[in-house]
Amino acid sequence: MRSAVILGLFLLCTSLVRADVYTWIDAEGNRVFSDGAHPPHATRVQITPRTTSMSQPAPAPMAPKPAPLESQTPRYKVLRILFPEPDSHVQDNNAGNLIVTASSEPKLYSGHLYRLQLDGAVYGDASVSPVFNVENLTRGTHQLAVEIVDARGRIIERTPTQPVHVQRMTLDQKRRTKPCQKGDWGVRLECPLKDKPKEEKPSLLPSWLPSLLPSIGSDPEPAPYSADYAPK
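Numbering of residues starts from 1 in every chain and runs along the sequence as written. In view of the model being predicted, local features appear only for residues whose pLDDT reaches at least 70, and side-chain atom pairs are presented and counted only at 80 or more, with totals across whole chains, interfaces and linings using the full set of residues. Remark: hydrogens and water are excluded; side-chain values derive from all non-hydrogen atoms of the structure.

### Some remarks on the sheet that holds strand β4 (residues 78-83)
Step number 1: Note: two strands are recorded as paired if DSSP finds a minimum of 2 bridges between them. A run of H or I in DSSP counts as a helix once it spans at least four residues, and a run of E counts as a strand once it spans at least two, with each numbered from the N terminus. Taken together, 3 strands build an open sheet; the order of strands is β4-β6-β9 and the sheet is antiparallel. Both edges of this open sheet fall to β4 and β9 (131-134), since each of them pairs with a single strand only. Sheet twist, expressed as the average angle between the axes of neighbouring strands with direction ignored, equals 25°.
Step number 2: For β4 and strand β6 (residues 98-105), the ladder comprises 5 bridges, and the chain directions are antiparallel. Only C-alpha atoms enter the line fits that serve as axes; for helices the fit covers just the stretch in contact. Angles between N-to-C directions range over 0 to 180 degrees.

### A short note on the confidence of the model for the protein chain
Step number 1: Each residue carries a pLDDT score, the predictor's confidence in it, ranging from 0 to 100. With 66% of its residues at a pLDDT of 70 or more, the protein chain shows a mean pLDDT of 77.
Step number 2: Per-residue pLDDT, averaged within each element of the protein chain, yields its smallest value for helix α2 (residues 69-72) (55) and its largest for strand β7 (residues 113-118) (96).

### As for the pairing of strand β2 (residues 31-34)
Taken residue by residue, a regular strand's side chains alternate between the two faces of the sheet.
Step number 1: Remark: exposure states derive from per-residue accessible area (1.4 Å probe, protein chains only) relative to the maximum for the residue type, with buried under 20%, exposed over 50%, and partly exposed in between. Across the two faces of β2 the burial differs, with V32 and S34 buried and R31 and F33 not buried at all.
Step number 2: Examined bridge by bridge, strand β1 (residues 21-25) and β2 share 4 bridges and lie antiparallel to one another. Of the residues in β2, the one forming a bridge with T23 is F33.
Step number 3: Hairpin connection of β1 to β2: 5 residues between the antiparallel strands, including G29 at a positive phi of 85°.

### Quick look at the environment of R176
Step number 1: The topology assignment puts R176 in helix α3 (residues 171-177).
Step number 2: When its relative accessible area of 56% is taken as the criterion, R176 is described as exposed.
Step number 3: Separated by 14 residues in the primary sequence, R176 and E190 place their C-alpha atoms 9.8 Å from one another.

### Some details on the sheet that holds β2
Step number 1: With respect to topology, 3 strands assemble into an open sheet ordered β2-β1-β3, the strand pairing being antiparallel. The open sheet has two free edges, formed respectively by β2 and β3 (43-45), since each of these has just one partner strand. Ignoring strand direction, the axes of neighbouring strands in this sheet form an average angle of 35°.
Step number 2: Two elements, β1 and β3, share 3 bridges in a ladder whose sense is antiparallel.

### As for the state of the cysteines
Step number 1: In this description, a disulfide is simply a cysteine sulfur pair whose atoms lie within 2.5 Å. One pass over the full model with this rule turns up 1 disulfide.
Step number 2: Note on cysteine connectivity: C180 is disulfide-linked to C191, with sulfurs 1.9 Å apart. The disulfide joining C180 to C191 has a torsion of about -85° about its S-S bond and is therefore left-handed. Pair noted here: C180 is in the segment after α3 and C191 is in the segment after α3, with a separation of 11 residues, a long-range link. In this pair, the class of C180 matches that of C191, namely buried.

What follows is the structure, encoded as structure tokens:
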């Protein structure tokens, strides 16, 4: 009996490969399964194939990756600083003022802005104008670069960093060129209050009195010698 059951299970397991399986009762009263020779009174067993794999949830659709900035944004063929020229010396009016002018090809696209970098930091606000007014630069060398950015501040294009040398008079030179007056102390940079000369306090005496002071309390001068007054 056990062998017949085992055989039946085996035939069921192999039913995915072989479609025809028959069953009958043998002379001993046992149920027999076979996919081969069978007696005429055997009955065909209808078996539906089944899969045993466990169902898995379908993976969530992945969000499309945003296209790189390069493929979304129109590019510029040229972006350069027209003035000042690289490594140039600038001497304006000794106030350290400088005008930086840039140019791009093609012209600025809609939604893009020009921005100035001075000594590695953003100078002023970005704008549609490629002209920047820089004021009160200190004497010495500074680094300039111009960028094109989008509305979110992302850099689209950038010029190479170039040096510019600002020439300004020293405070001592300015003071010698234009001496400090009474109203300049604490106002002009080259005229600090610490260098202001001390003012002489006005005298409480009348202006004519000092001229008389030497004669007061002094011995009278002797009269000039005369023979008429000589003792006899």
